[in-house]
Amino acid sequence: MTLALELAYWQQLAIKVLAILVIVPTATAIIVQTFLFKMMAHMQSRLGPMEAGPHGTLQLMADGAKFVQKELLAPARADRRVFTLAPVVVLLSTFLLFVVIPAGPGIVAENLDLGIFFALAVSSISVLGVLMAGWASANKYALMGGLRAAGQLIAYELPLVLAVVGVVIQAGDLSLQGIVRAQAEGEIFGFGLIGLPFVLTQFLGFALFLIATQAELTQPPFDMPVAESELVAGFQVEYSGLQFLYFYLGEFGAAFAFSALAATMFLGGWWVPGLDLEGGLLANVVGPVVLFAKTMAVAFVIFWIRFTYPRLREDQLQSFAWKYLIPLSLVNILVTGAFKVIF
Amino acid sequence: MSMLTEHQQRAYIGGQAAEARVNLELETDGMTLNIGPQHPATHGTLRIITRLDGEQVISAEPVMGYMHRGYEKLTEVRTYPQINTLINRIDWLSSFANEVPFILAAERLMEIEAPPRAQWIRTIFFELSRIANITLFLGEMGVQLGAITAVFYAFRDREHVLNQIEAATGGRFHPNYDRIGGLKEDLPKGWVAETKSVMAKVRDFCDEMETLVGTNEIFETRTRGIGVIPVEVALGYGLSGANIRASGLDWDLRRDSDTPLAWKEVDWKVWTHPDGDSFARYWVRLQETREATLIVDQLLDGLPAGPIMAKVPRIIKVPPGEAWVATENPLGEMGYYLVSKGDLGPFRVKIRTPSFNNISIVPWVLKGVYVPDVITILASLYFILGDIDR
Amino acid sequence: MPELPGLMKGLNVTLRTMLRPAVTTQYPHVKEAPPSRARGVIALKEENCTVCMLCARQCPVWCIYIEGHKTKAPPRRAGGKPRTVQLLDRFDIDYSLCMYCGICVEVCPFDALFWSPEYEYSEPHIADLLHDKDRLGQWMEAVPEPEPLEAGAVAKKK
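Residues numbered from 1 in each chain as written. Chains lettered and ligands numbered in written order. Predicted model: local features only at pLDDT ≥ 70, side-chain atom pairs only at ≥ 80, totals over all residues. Heavy atoms only, no water.

### Brief notes about the packing of aromatic side chains
Rule in force here: Any two rings among Phe, Tyr and Trp, with Trp reduced to its six-membered ring, count as a pair given centres within 6.5 Å; such a pair is stacked if its planes are under 30 degrees apart, edge-to-face if over 60, and tilted if neither. Helix numbering and strand numbering both begin at the N terminus, where a helix is a DSSP run of H or I of at least 4 residues and a strand a DSSP run of E of at least 2. Residue exposure (1.4 Å probe, protein chains only): buried if accessible area is under 20% of the type maximum, exposed if over 50%, otherwise partly exposed. By the criterion adopted, a ring carries a charge over it if an Arg CZ or a Lys NZ lies within 6 Å of its centre and within 35 degrees of its normal.
Within this structure, the stated rule accounts for 36 aromatic pairs over all chains. With a centroid separation of 5.9 Å and 35 degrees between ring planes, the pair formed by A:Phe244 and A:Tyr248 is classed as tilted. On the criterion of helical spacing, the pair formed by A:Phe244 and A:Tyr248 is a turn pair, its members being 4 residues apart in helix α9 (residues 241-266). The class of A:Tyr248 is partly exposed, set by a relative accessible area of 23%. Clustering of aromatic rings is evident, with ring pairs tying together A:Phe35, A:Phe67, A:Phe244, A:Tyr248, A:Phe252, A:Phe303 and A:Phe307. Here A:Arg46 stacks its cationic end above the ring of B:Phe152, 4.5 Å away from the centre of that ring. A cation sits over an aromatic face here: B:Arg224 above B:Phe279, 4.0 Å from the ring centre.

### Re unusual backbone geometry
All names here are of chain A. Even without glycine at this site, Ser45 takes up a positive phi of about 45 degrees. Looking at the element boundaries, Ser45 is found in the loop between α1 (9-43) and α2 (59-69). Overall, Ser45 belongs to the buried group, its relative accessible area being 4%.

### Focus on the sheet that holds strand β3 (residues 83-94) of chain C
The strands making up a sheet associate through backbone hydrogen bonding, with each pair oriented either parallel or antiparallel. All names here are of chain C. Put simply, the rule is: Strand pairing requires that DSSP identify at least two bridges connecting the strands.
Across the sheet, 3 strands lie side by side as β2-β3-β5; this open sheet has antiparallel pairing. At either end of the open sheet lies a strand with only one pairing partner, and these are β2 (64-73) and β5 (130-131). In this sheet, β3 lies alongside β2 in antiparallel orientation, the contact comprising 10 bridges. Each bridged residue has a counterpart across the sheet, and for Gly68 the counterpart in β3 is Leu88.

### With respect to the interface of chain C and chain B
Applicable threshold: Two residues qualify as a contact provided that any one of their heavy atoms is within 4.5 Å of a heavy atom in the partner residue. Accessible area, probed at 1.4 Å, shrinks when two parts are joined; the buried area is that loss added up over both. N or O atoms closer than or at 3.5 Å make up a polar contact, with two conditions inside protein: a donor-capable atom paired with an acceptor-capable one, and, for residues adjacent in sequence, both atoms drawn from side chains. Residue polarity follows a fixed list, in which Ala, Val, Leu, Ile, Met, Phe, Trp, Tyr, Cys and Pro are nonpolar, Asp, Glu, Lys and Arg are charged, and the others, Gly among them, are polar.
Facing 34 residues of chain C, the contacting portion of chain B comprises 41 residues. Summing both partners gives a buried area of about 3000 Å² for chain C against chain B, and 51% of it is carried by carbon and sulfur. Taken as a group, C:Arg37, C:Arg39 and C:Glu150 account for 23% of the area that chain C buries against chain B, more than any other trio of residues on that side. The interface formed by chain C and chain B holds 11 residue pairs in polar contact (both at pLDDT 80 or more) in total. At the level of secondary structure, the elements contributing two or more residues to the side of chain C that touches chain B comprise α1 (6-19), α2 (54-58) and α3 (103-107) of chain C. Here the side of chain C that touches chain B takes 7 residues from α1(C), the largest share from any one element. Across the side of chain C that touches chain B, the residue classes tally to 19 nonpolar, 6 polar and 9 charged.

### Structural notes on the pairing of strand β7 (residues 332-340) of chain B
In summary, the side chains of a regular strand alternate between the two faces of the sheet. Residue and element names in this part refer to chain B. In terms of burial, β7 is a largely internal element, 8 of the 9 residues being buried. Summarising the sheet, strand β6 (residues 321-329) and β7 pair through 9 bridges and their orientation is antiparallel. Bridge pairing in β7 links Gly321 to Ser340. Adjacent in sequence and paired antiparallel, β6 and β7 are bridged by 2 residues. Across 5 bridges, the pairing between β7 and strand β8 (residues 348-352) is antiparallel. Bridging across to β8, Val339 finds its partner in Arg348.

### Comments concerning the interface of chain A and chain B
Rule in force here: When a carboxyl oxygen of Asp or Glu is within 4 Å of a side-chain nitrogen of Lys or Arg, the pair counts as a salt bridge.
Every contact between the two is made by 25 residues of chain A and, on the other side, 33 residues of chain B. Both faces combined, the contact of chain A with chain B buries some 2500 Å², and carbon together with sulfur accounts for 59% of it. Looking at the side of chain A facing chain B, the largest losses of area belong to A:Ser229, A:Pro310 and A:Arg313, adding up to 23% of the total buried there. Where chain A touches chain B, the interface holds 1 salt bridge. In this structure, the salt-bridge partner of A:Arg313 is B:Asp373, at a minimum N-O distance of 2.8 Å. For the side of chain A that touches chain B, the secondary-structure elements that each account for two or more residues are α1, α6 (140-171), α10 (281-308) and α11 (314-342) of chain A. If one sorts the elements of the side of chain A that touches chain B by residue count, α6(A) sits on top with 4 residues. Its residues assigned to classes, the side of chain A that touches chain B comprises 12 nonpolar, 5 polar and 8 charged.

Below, the structure is given as structure tokens:
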């Protein structure tokens, strides 16, 4: 980072914090606008919001303004402190996820050596927030939603982590930049022009990661915790206004972050053939665009599934995780390990 | 049994007692969960009081009547044409089908028979309202299980059917088209051809629903074996319509009862399913919608020419007597028991609505299932609130 | 070719729908014409009304309010007796009560009431939904001609 070298630590930190504070809501807005408003609408042969701005592009502004104006309601018997803290915890987890995702050779808030480990660890914090929300709402629906969410998120954390292990073994690096580099420098049977996106070797891992992501985001077919036709909205049922917006931001921000993680680990991240791995202006300008395109492609698949499938029952999705996903991911690790040793 | 020493016996008893005490201390009360009256799964204002042990339902009790509009009493102070518009609102998704049994009962008392063309058009509209109703079910079942997209397709394609109903009757939801002795007016020009193309669209919709929901593996895991109703139990609770046909009973009033409507003139089939679970109920309704489009097509082909109104006095007074007419409505057997004393309006009307009986099985069928299955079963039983509370 | 799993076929359905144009009509900008038989609003042809009150009595919700008075009209033929006619003072339909059944239009023996498919008369205040006879008379412009009937129908003789 040529620019950052001239700045003091606190200045760098301030820039990074500011950048993330800007990026997360923007990313969420893009995800919600593209997929939740427009793609979902067209899949259901509707048009979606059309009035605010050209083709409804400013709808989120209106929605945001609406949420901000709304009164923050809390049930009389709610645990007020936990109740107000819960959305913040969920949001925090989303914000922290963005810290390690590299968008270019020099564009990363903090290139941790244990990048992917950190990402998966902080993504689990949201479980706490969900559980807190479910418990503190003093509402039976919320409580059931919270408990379901906790059970589900813990069950699907395992395949999520195990799916990543294959990638880590193949890359030989835990840092996300290292994984991108490994993919860029890889070769397909001596043909190195497009590198080796790990989706080619880790297709099982990629599928497992997407499925587990779907569950982490509590989206159909794994949206039992928020199942609107039975638990109304699960743990979010008592939230209103800005606090609800936090959950919303948390959910869709996480959707973006997980898509970006998947794009980074399986699709080569910000790198495309022709970019300089070591830095340089071109890579730092093109990188984010490439990453964004790949992220949107992954997010498209995630939301496509979301809008198509019915949901599994809680016990069915648990047995799906424990009986199929986890053994499969273990097999994946085994095979990857074997190949790593052989070649 | 080998002999035990007194000490061993005492130790055993003491151990059991201690365990019982621990169990007693750890035992928690069940949780009462009110599903409704305001809840997305209840299609309106039905309330189901469930006692839960964790996620398992110990007991469930439906509480109905939040939307009671007193139609049976109201009919006593209205004239026959006025009642016709009121009973449109009982099962609001298939309004025309509500009119038919009432009009038939009145016609039976007055000893009038509508001309054949009127009977054929009545049958066409009866089946159109069945399609309008069940298409919504096919989507609604998806949305209750989390597949939101399905219901939008249902609304999209139901629109075509409603347009056809509106083009001929003037009312989208409440046609008020049936009259004692015939129909309000004849079909407008071009209606038959247009309806045929709509029937083709509905068949496409059924195929689409089958691919999107019916054959979806997740949908099957959620519905197969859930809410199984054996045929004896179904008969005991007075289930009717697709719910009982899904339990394997081949019983359809369109075929089995003697109505002057035109079902006997066309070639069709009653669909049944042996399983009696939620999937069977979905499947039977899906097939019935397809079958209904075929019935409509055949009826449109063979529509006889002629008048649509028999000779009826200008002021309708039904001669004294009693009549019971039931038809196979989209939700099941709907019947009117009409008692007339020769006035402008009936003396007493008893309305048998299918949803009321279909929902009465809820305490039996919900016992022991999980909370998500409550929604599956309620959705698959398919009730309309207006039809329960009337 | 082996059967695709249902999950894949479902994805195909949503994707295909996404690539087709949406069916939404952007209502205030684009309007769909209701069929000419649609029961939108009731129009009153005042000169045909004889204040017979049939419609008001037959209405299931009693949302029609009629007042009139008798008056002498000049005779039809020269030298005849002056006729007694009923003149309409008030003819209101309360559309907040009306359930659009159409009984009034049907029972009217003198063809004074008509259905019009016009539907855009919503009001911010419920009291404004009471249309008086001038307002009801204005709807006459929107009354369509009766449609031709389908083949095989016997035209009503009137």
